[in-house]
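# Coordinates in review
Each chain, letter by letter, is given below.
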Amino acid sequence: MKHVLLIAAILLAASGVARAETTWICALDGDWASLRCVADADPAATAPDASATGQVINGTSFPLDDRRSYTVPLWSPATDATMLRELADATMCYRATDCRVVLANLPAALSAPVARIARR
């Protein structure tokens, strides 16, 4: 009987049923100067209780409320897709392990490798 309970607990943990994951979908605005993010979640779900599971950083409670949208100002047009991904992940998920960010509709200019200029 102990083996059956142990196997059931392992399967439950491995299947992810015990833990909900938040996926944020973020895209650049038309000027490439701000990132707009919404959660890919059930709008009827209850908001996470940040006081019980998260942290408050500079007045912002983490995990973020997945029922609202967020805008992250970049202060200048985006030029580096890798840095944009890191910023989006750090801003939307902070240190949560059950959170991920998907960047949607990135312009081709950000997805292309950086061209090196040869010196003569």
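Everything in this summary refers to the structure shown in the same document. All values reported here derive from a predicted model rather than from experimental measurement.

Criteria and cut-off values
Each chain has its residues counted from 1, running along the sequence as written. In view of the model being predicted, local features appear only for residues whose pLDDT reaches at least 70, and side-chain atom pairs are presented and counted only at 80 or more, with totals across whole chains, interfaces and linings using the full set of residues. The basis for the side-chain values is all heavy atoms of the structure; hydrogens and waters are excluded. Cysteine sulfur pairs qualify as disulfides if the two atoms are within 2.5 Å. The secondary structure listing takes helices from DSSP runs of H or I that are at least 4 residues long and strands from runs of E that are at least 2 residues long, numbered from the N terminus. Under the scheme applied here, a residue whose accessible area is under 20% of the maximum for its type counts as buried, over 50% as exposed, and between as partly exposed, the area being computed with a 1.4 Å probe on protein chains only. Residue types Ala, Val, Leu, Ile, Met, Phe, Trp, Tyr and Cys, when buried and joined through side-chain atoms within 4.5 Å, form a set referred to as a nonpolar core. One requirement defines pairing of two strands: DSSP has to find at least two bridges between them. Salt bridge, as used here: a side-chain nitrogen of Lys or Arg that lies within 4 Å of a carboxyl oxygen of Asp or Glu.

## Thoughts on the state of the cysteines
Applying the stated criterion across every chain, the model contains 2 disulfides. With a sulfur-sulfur separation of 2.1 Å, C26 is cross-linked through a disulfide to C37. Judged by the torsion about the S-S bond (115 degrees), the C26/C37 disulfide is right-handed. Here C26, found in strand 1 (residues 22-28), pairs with C37, found in strand 2 (residues 34-39); they are 11 residues apart in sequence, far enough to count as distant. Comparing C26 with C37, the two get one shared label, buried. Cysteine pairing for the protein (bonded cysteines numbered in sequence order): 1-2, 3-4.

## Examining the nonpolar core
Within the largest apolar cluster, 21 residues are counted, with the highest numbers of intra-cluster contacts made by W24, L28, L35, L84 and M92. It is helix 3 (residues 81-93) that provides the largest number of residues to this core, a total of 5 residues.

## As for the pairing of strand 2
As judged from the 5 bridges shared by strand 1 and strand 2, these two strands associate in the antiparallel manner. Each bridged residue has a counterpart across the sheet, and for L28 the counterpart in strand 2 is L35. Linking strand 1 to strand 2, which pair antiparallel, is a turn of 5 residues; within it W32 sits at a positive phi near 65 degrees. In the sheet, strand 2 pairs with strand 5 (residues 70-73) via 4 bridges, with the strands oriented antiparallel. For C37, the partnering residue across the bridge sits in strand 5 and is Y70.

## Points about the pattern of salt bridges
Going through the model one piece at a time under the given rule, you end up with 2 salt bridges. With a shortest N-O distance of 3.2 Å, E21 and R100 are connected by a salt bridge. Taken together, the residues E21 in the loop between helix 1 (2-15) and strand 1 and R100 in strand 6 (residues 99-103) connect sequence positions 79 residues apart. One salt bridge in this structure joins D65 and R67, with 3.1 Å as the shortest N-O distance. On the accessibility criterion, D65 (23% relative accessible area) is partly exposed. Using a relative accessible area of 48% as the deciding quantity, one classes R67 as partly exposed.

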